[in-house]
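# Structural description and commentary
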Amino acid sequence: MRLCFVIQRYGLEVAGGSELHCRWLAGRLARRHQVEVATTCALDYLEWRDHYAPGNDRVEGIPVTRYPVTRPRSERRFALVSDLVFHEEHSLADEREWVVENGPFSPELVRSLPKRRDVDLFVFYSYRYYQTFFGLPPVASRAVLVPTAEEDPAIELPVFARLFRAPRGILYLTPEERALVQGVSGNAAVPDVVVGSGINVAPGWEEVDVKARFGVPSRYLLYAGRIDRNKGADRLFSYYQRLHAEWPEAPPLVLVGKPALEIPVHPKIRHLGFVSEAEKFALLEAWAMGRPVLVNSACRVLEGQCVRSGGGLFYRGYSEFTAALRLLAGDARLRSALGAAGKAYVSREYDWDVVEDRTSGFLASIAPVTEEAR
């Protein structure tokens, strides 16, 4: 099959989120199919300013076509329209304007897609961005959506319901994501599959001396990912500072990732910034490395993963947070059992061979029949 992944930004410098999932999945499917990527020239996700040169590129051997972002995102305009659509009476036109302001605004990318008659399936990441919202409908009969949907105000906007019902098929990452999207859009009739996400363990992680490299003690809590309110980082900071005041011996909180909000100045909160993949796995990549997790059950996906795997604990509110953390810190056997269960779950459900087979089989089952196939 000829597959074209369509995503807001794409490159080795993009270290997490839907973009990393896209790059990893594209790389795996390229072993069986003819794969390319259509994206913007942006690297930064806040303003979407052009970083890469427009035109043809190649990332890890996969052809990439980059299109310019015509207008960077204005924080002021985006804040104003966000306040309107999330807090006031408004129209569908206002919601479409929210998508435009959210960006990355690249009309040239959107216009290029219907011209590609040589593509069997377009794989669009993620539902809330300009290139998916405006690019998917014109090629809906050849479109596969990877929503990467989360429980946040955007998913409730009525303007997205039609988008969720439009594609030829949908790839979900978790059962909770499927239930969330179907609940807001009534799109159960659209063919879909839960594919999960493979994990690439970086080579050389065993050689990284975490204590020498970062000056952290042998026991610590790790938060890895975008440090953002949408990820609950502000609540984590509040809980940890309160916990430390009650329990001064609490393990330090170590943060890895790009901050989108201010990190508190605190003697036991350490921000390491951006680290290499090997360093990240040496610090801790949770279940892939046999370590237990503690997650916020306000996110149904995280709670569901813990329940299915038996690989961690989850909390609602501060009292459960501190009780669970003290329990994990004080019980080595429990930590070992939870970590082993999580690792077994990853091997069973998130091995890349499993994800690749699941995805490739689904795409083959929904691909349009071409003249060549006839």
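Details of the structure are given in the entry above.
All of the points below concern the structure found in this document.

The rules behind each value
Residues numbered from 1 in each chain as written. Predicted model: local features only at pLDDT ≥ 70, side-chain atom pairs only at ≥ 80, totals over all residues. Heavy atoms only, no water. 1 Å grid on protein atoms, 1.4 Å probe; cavity = no way out; pocket = protein on both sides within 12 Å on 5 of 7 lines; lining within 4 Å. Points joined across faces, edges and corners; volume = space filled by probe spheres on them. Helix = DSSP H or I, 4+ residues; strand = E, 2+ residues; numbered from the N terminus. Nonpolar A, V, L, I, M, F, W, Y, C, P; charged D, E, K, R; others polar. Expected span 1.5 Å × (residues − 1). Buried < 20%, exposed > 50% of the residue type's maximum accessible area, 1.4 Å probe, protein only. Arc of directions from axis to C-beta. Contact = heavy atoms within 4.5 Å. Pairing = 2+ DSSP bridges. Axes fitted to C-alpha atoms, helices over the stretch in contact; angles between N-to-C directions.

### Concerning the layout of surface pockets
Size it by volume and the second largest pocket reaches roughly 270 Å³. Taken together, Leu92, Arg96, Phe133, Phe134, Pro137, Pro158, Val159, Ala161, Arg162, Leu163, Arg165 and Ala166 make up the full set of residues lining the second largest pocket. Looking at the lining of the second largest pocket, the elements that each hand over two or more residues are helix H3 (92-102), helix H5 (130-135) and helix H6 (159-165). Take the lining of the second largest pocket: its biggest share by element is 5 residues, from H6. Of the residues contributing to the lining of the second largest pocket, the split by class is 9 nonpolar, no polar and 3 charged.

### Remarks on helix H12 (residues 317-330)
One full turn of an α-helix is made of 3.6 residues, so residues set three or four places apart face in the same direction. The end-to-end C-alpha distance of H12, which contains 14 residues, comes to 20 Å, matching closely the 20 Å that a straight helix rising 1.5 Å per residue would cover. Listed in full, the buried residues belonging to H12 are Tyr318, Phe321, Thr322, Ala324, Leu325, Leu328 and Ala329. Angular distribution of buried residues about the axis of H12 spans 165°; they occupy a single face of the element. Along H12, exposed side chains directed more than 90 degrees from the buried face belong to Ser319 and Gly330. Buried residues along H12 sit in contact with strand S9 (221-224), helix H9 (233-246), strand S12 (293-296), strand S13 (312-315) and helix H13 (332-349).

### A closer look at the sheet that holds strand S11 (residues 269-271)
If you walk across this open sheet you meet the 3 strands as S9-S10-S11, and the pairing is parallel. Strand pairing shows two members of the sheet lacking a second neighbour, S9 and S11, which therefore form its edges. Within the sheet, the average angular offset between the axes of one strand and its neighbour, ignoring direction, is 20°. As defined by bridge partners, S9 adjoins strand S10 (residues 253-256) across 4 bridges and the pair is classed as parallel. When the sheet's bridge partners are listed, tyrosine 223 is paired in S10 with leucine 255.

### With respect to unusual backbone geometry
Here the amide bond leading from glycine 103 into proline 104 is cis, since omega sits at -5°, within 30 degrees of zero. Following the sequence through the fold, proline 104 ends up in the loop between H3 and helix H4 (107-112). At tryptophan 48, a position not held by glycine, the phi torsion is positive, near 60°. Turning to its location among the elements, tryptophan 48 is positioned in the loop between strand S2 (34-40) and strand S3 (55-59). With relative accessibility at 1%, the residue tryptophan 48 sits in the buried group. Unlike most non-glycine residues, threonine 148 shows phi in positive territory, near 45°.

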